[in-house]
Amino acid sequence: MVKSARKSGKWWAVVLVLAFLATAFLAACGKSGGSGSDGSNAGQQITLTFWNGFTGPDRPAYEAMVDEFMKAHPNIKVSMDIQPWDTLLAKLPSSLVSGNGPDIAAFNSNLIPQYAKAGNILPLDELYSSKGIDTSVLPESLVKQMQYDGKFYGAPANFATLMMYYNKDLFAAAGLDPEKPPATWDEWTEAILKLTKKDGGENQYGFVIADHATIPNWPILIWGGGGDIVSEDRKSSLLADPKTIEAVRKWSDLVIHHGISPVNLTGAEADKLFQTGKAAMEITGPWMTPGFTEAGLHYDVAPIPVGPGGPVTLADSVALVAGKDTKHKEAVFEFMKFWNSKEAQIKLSVQSGFPPARTDLADDPELAKNAFASKFATVAADARFYLGGLEKANQIDTDIFIPAIQAILNGQGSVEDVLQDADRKLNELLKGN
């Protein structure tokens, strides 16, 4: 009996050792890049790093999206690093080059060509399929914006249009109907001048126009006048086009000679003037609705008044991109797919006031929960991307366009001379684009 028991004990010991070795072998296979290494297996916990600049009033909406994703994917943790956009863009390129960048980054979609050409982000063509993101439900302009050189490199993090914000109390005080905002440039100019007041040291501005560190305002005014910054084929400058010059002359004259807006405003400074009741109107996007509403401001939004060039506004989109060295590509794709799903887009729109990035949700009754989301969606057909598809878009904006507008507003040259000089510089830069 004792001898038999000893034999039985040895047998079980062998079984246990073999079981342990098999388990270790399977675990090693998983760590070395098996099917679970991308986070697709529910049993394996992974962490995706996500860098973005959603620091504005709409930040809670994006945090809620990430929380929703993690609830639906308990095996994937998303570690967000939220920082100012300028800080993010200063450190992101070197981080990606060195292999220390994030799995996912968010930045303005105009930067896609720059990062794609440098090879710092992954192509996403696999993501755009019937099992991923369906291009047929995205605005055509947005589909183009997510590509570079015929390949997809970005997935929409959001889609925004810009509208004219106006203070209903200031309109009423000036004898203007707050339920009938201006619809044409003539009506707009008349209202702006009525709402511009100089009373000692306390000014009221009719229409504040940010010129740097902002979502672009001046391109909209140029488009509204029938002008443009670059030609449709993106090969030549239109800064010296007579319609561009005339549009810039009109609006710079209102700023310089009629004091409708301070000069050298950042976007944040323009927002502050509007939020504190010191400005009657401004142009910005849906991300400001939560902050203005929370501040108790009596305001509304309306389409940007129509000029000689017809109805137009600016389209903007932050893109989600995949860092070139991510070890979790499938999990990254799953995150992007979730973000652009019907359910997620509705929740993001309702919470942020952004129109959905999908065209198949315009009539969804859930959007009625946020009136602003529906209003911003109404101008999507008139929305254009500024310098979209140009690898040097950021350089054109910061080195040529913004300095030209600021030089004009600060009296450093005539509209014609400054824009003709900028036109020459832009044509030189476009030759190497």
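As the structure is a computational prediction, the values presented were derived from the model and not from experiment.

**Remarks on the packing of aromatic side chains**
- For the coordinates displayed, the defined rule picks out 25 aromatic pairs.
- For the pair Phe69 and Phe338, a centre-to-centre distance of 5.4 Å together with 65 degrees between the ring planes defines the contact as edge-to-face. A residue pair is termed long-range when its members are at least 10 positions apart, and Phe69 in helix α2 (residues 59-72) and Phe338 in helix α12 (residues 329-339) qualify at 269 residues. With respect to burial, Phe69 and Phe338 carry one shared label: buried.
- Relative to Trp251, the ring of Phe207 has its centre 5.9 Å away and its plane inclined at 75 degrees; by these criteria the two rings are edge-to-face. Of the two residues, Phe207 sits in the loop between β10 (202-204) and α8 (218-224) while Trp251 sits in helix α9 (residues 242-258), which places them 44 residues apart along the sequence. Of the two residues, Phe207 and Trp251, both sit in the buried class.
- Cluster of aromatic residues (ring-pair linked, three or more members): Phe50, Phe54, Tyr62, Phe69, Trp85, Trp287, Phe335, Phe338, Trp339 and Phe354.

**Side note on the environment of Glu202**
- With respect to the helices and strands, the residue Glu202 is situated in strand β10.
- Sequence separation between Glu202 and Lys278 is 76 residues, and the spatial gap between their C-alpha atoms is 8.5 Å.
- Every residue in contact with Glu202, bar those within four places of it in the chain, is listed here: Lys197 and Lys278.

**Regarding the sheet that holds strand β15 (residues 383-385)**
- Taken together, three strands build an open sheet; the order of strands is β7-β13-β15 and the sheet is mixed. In the strand order of this sheet, the two ends are held by β7 (160-161) and β15, each with one partner.
- Bridge count between β7 and strand β13 (residues 313-316): two bridges; the pairing is antiparallel. Residue pairing across strands places Thr161 opposite Ala315, the latter belonging to β13.

**Thoughts on the side chain of His73**
- With respect to the helices and strands, the residue His73 is situated in the loop between α2 and β2 (76-82).
- Given the relative accessible area of 14%, His73 is considered buried.
- In terms of polar contacts, His73 uses its side chain to reach the side chain of Glu334, at 3.2 Å.
- Every residue in contact with His73, bar those within four places of it in the chain, is listed here: Glu334 and Phe338.

**Topic: the sheet that holds strand β6 (residues 155-156)**
- Strand order across the open sheet formed by five strands is β2-β1-β3-β14-β6, with mixed pairing between neighbours. The outermost strands of the open sheet, each flanked by one partner alone, are β2 and β6.
- Where strand β1 (residues 46-52) lies against β2, seven bridges are found, and the strand directions are parallel. Bridge assignment links Thr47 to a residue of β2, and that residue is Lys77.
- Running over the sheet, α2 touches β1 and β2 and is turned about 165 degrees from β2.

**Some thoughts on the confidence of the model for the chain**
- Taken over all residues, the pLDDT of the chain has a mean of 89, while the share at 70 or more is 90%.
- Low pLDDT, under 50, characterises residues 1-41; the predicted model gives this stretch 19 contacts beyond four residues in sequence or across chains.

**Here's the deal with the environment of Leu193**
- Along the chain, the position of Leu193 falls in helix α7 (residues 185-195).
- Considered as a pair, Leu193 and Gly259 are 66 residues apart in the sequence and their alpha carbons are 9.0 Å apart.

**Describing the side chain of Gln83**
- Along the chain, Gln83 turns up in the loop between β2 and α3 (85-98).
- Residue Gln83 is classed as buried on the basis of its relative accessible area of 7%.
- A polar side-chain atom of Gln83 sits 3.4 Å from a polar atom in the side chain of Lys91.
- Not counting residues up to four positions away in its chain, the partners in contact with Gln83 are Trp51, Asn52, Gly53, Thr55, Leu88 and Lys91.

Cut-offs and rules
- Residues numbered from 1 in each chain as written.
- Predicted model: local features only at pLDDT ≥ 70, side-chain atom pairs only at ≥ 80, totals over all residues.
- Heavy atoms only, no water.
- Phe/Tyr/Trp six-rings, centres within 6.5 Å; stacked < 30°, edge-to-face > 60°.
- Helix = DSSP H or I, 4+ residues; strand = E, 2+ residues; numbered from the N terminus.
- Buried < 20%, exposed > 50% of the residue type's maximum accessible area, 1.4 Å probe, protein only.
- Contact = heavy atoms within 4.5 Å.
- Pairing = 2+ DSSP bridges.
- Polar contact = N/O pair within 3.5 Å; in protein donor to acceptor, adjacent residues only side chain to side chain.
- Axes fitted to C-alpha atoms, helices over the stretch in contact; angles between N-to-C directions.
- pLDDT = per-residue confidence, 0-100.

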